[in-house]
Amino acid sequence: MSGVFSMFAYHFVQRAMLVGVLVSLCAALLGVSLVLKRYSMIGDGLSHVGFGALAIASAFHLAPLYVAVPVVVAAAVLLLRLRKSSRVKGDAAIAIISSSALAVGVIVVSLTSGMNTEVSSYMFGSILSLSRGDTVLSVILSLAVLALYLLLYPRLFAVTFDENFARATGTRADLYNTLLAVLTAVTVVLGMRMMGALLISSLIIFPALGAMHLAKSFRGVIACAAILAVVCFVFGMMASYVFETPSGASIVVADLIAFAFCSLVGRKN
């Protein structure tokens, strides 16, 4: 056991744990609202957009996060607008934007630097390679997401459960839906370095679904999802260290095991 905890002596592991816990919290809190609004796959779509933006940034030697965050935020707002269109439904809008962005990213990579280590880390995740600058930016953005979510919790709760009633009571539902999409976009970009574009949606979906089997109230689900997300992240990182497996995949497996356990407990209750 002491061998497992020795991993925390490394500075790059400490940076990874700090960012990972904060991003996991953000993803879990936002994931509850996204799952209840039946829009949970937005994380998968935005991650593909993020990969395209990061690939372009890498090809032109630009700061990846500074390029990806505004691009993915813009894509999230565009998804909301397309979702309101009677001709383009939510799942179709996600498919259109995500596949297009991914295709552009792949073409740019193939024509420039090729699939190098940096681009590959955004596809499959490589949280242990976080630089000090990326860590500082990730912590600041994660804390901003958490602060806004907690500050606007009553409004986000209203538009999550009954958007029409929220509008009737004077709540600016469109504004808070946009804010939810923007916060999700920022979280997805931050989480891509941890989980990769292929796995980031699991960080949003699994804790929320598992918590719904254990708690009955919205606040209870939020608390359970946050705890599950952090615990699964820590155990996934430890398992990755012990078994020498990819960190992103190890975290997803930990989430999957936790979800299966919550499902069994929920059925007994």
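In this text, all values refer to a predicted model and were calculated from it rather than measured experimentally.

1. Some details on the packing of helix H3 (residues 42-59) against helix H11 (residues 200-214)
Two numbers describe how H3 lies on H11: the axes approach to 8 Å, and their chain directions differ by 165°. When the axes of H3 and H11 are compared, the pair comes out roughly antiparallel. The way H3 lies across H11 gives a crossing that is right-handed. Along the contact surface, H3 presents Gly43, Asp44 and Ser47, while H11 presents Ile200, Ser201 and Ile204. Split into classes, the residues belonging to the contact of H3 with H11 amount to 2 nonpolar, 3 polar and 1 charged.

2. Looking at unusual backbone geometry
In the Ramachandran plot, histidine 61 falls in the positive-phi region, its phi being about 55° despite a non-glycine side chain. Assignment of secondary structure puts histidine 61 in the loop between H3 and helix H4 (64-84). The phi dihedral of glutamate 244 falls on the positive side, at around 55°, and the residue is not glycine. Structurally, glutamate 244 is set in the loop between helix H12 (218-243) and helix H13 (247-268).

3. Let's talk about the environment of alanine 55
Relative to the assigned elements, alanine 55 resides in helix H3. Distance in space between the C-alpha atoms of alanine 55 and tyrosine 10 is 29 Å, their sequence separation being 45 residues. Those residues in contact with alanine 55 that lie beyond four places of it in its chain are Gly105, Val108 and Val109.

4. Describing empty space enclosed by the protein
Taken as a whole, this structure holds 2 cavities of 30 Å³ or more when the rule is applied. Computed from the structure, the largest cavity encloses a volume of approximately 50 Å³. In this structure, the largest cavity is lined by Leu34, Lys37, Tyr39, Leu80, Arg83, Asn177, Leu180 and Ala181. The element contributing the most residues to the lining of the largest cavity is helix H10 (residues 173-195), with 3 residues. Across the lining of the largest cavity, the residue classes break down as 5 nonpolar, 1 polar and 2 charged. When its volume is computed, the second largest cavity comes out at roughly 30 Å³. Every residue lining the second largest cavity is listed: Leu65, Leu130, Asp134, Ser138, Val189, Leu190 and Arg193. At the level of secondary structure, the elements contributing two or more residues to the lining of the second largest cavity comprise helix H7 (132-151) and H10. Top contributing element to the lining of the second largest cavity by residue count: H10, with 3 residues.

Cut-offs used in this document
Residues numbered from 1 in each chain as written. Predicted model: local features only at pLDDT ≥ 70, side-chain atom pairs only at ≥ 80, totals over all residues. Heavy atoms only, no water. Axes fitted to C-alpha atoms, helices over the stretch in contact; angles between N-to-C directions. Helix = DSSP H or I, 4+ residues; strand = E, 2+ residues; numbered from the N terminus. Parallel < 35°, antiparallel > 145°, perpendicular 65-115°, else oblique. Left-handed = near helix turned anticlockwise from the far one by under 90°. Contact = heavy atoms within 4.5 Å. Nonpolar A, V, L, I, M, F, W, Y, C, P; charged D, E, K, R; others polar. 1 Å grid on protein atoms, 1.4 Å probe; cavity = no way out; pocket = protein on both sides within 12 Å on 5 of 7 lines; lining within 4 Å. Points joined across faces, edges and corners; volume = space filled by probe spheres on them.

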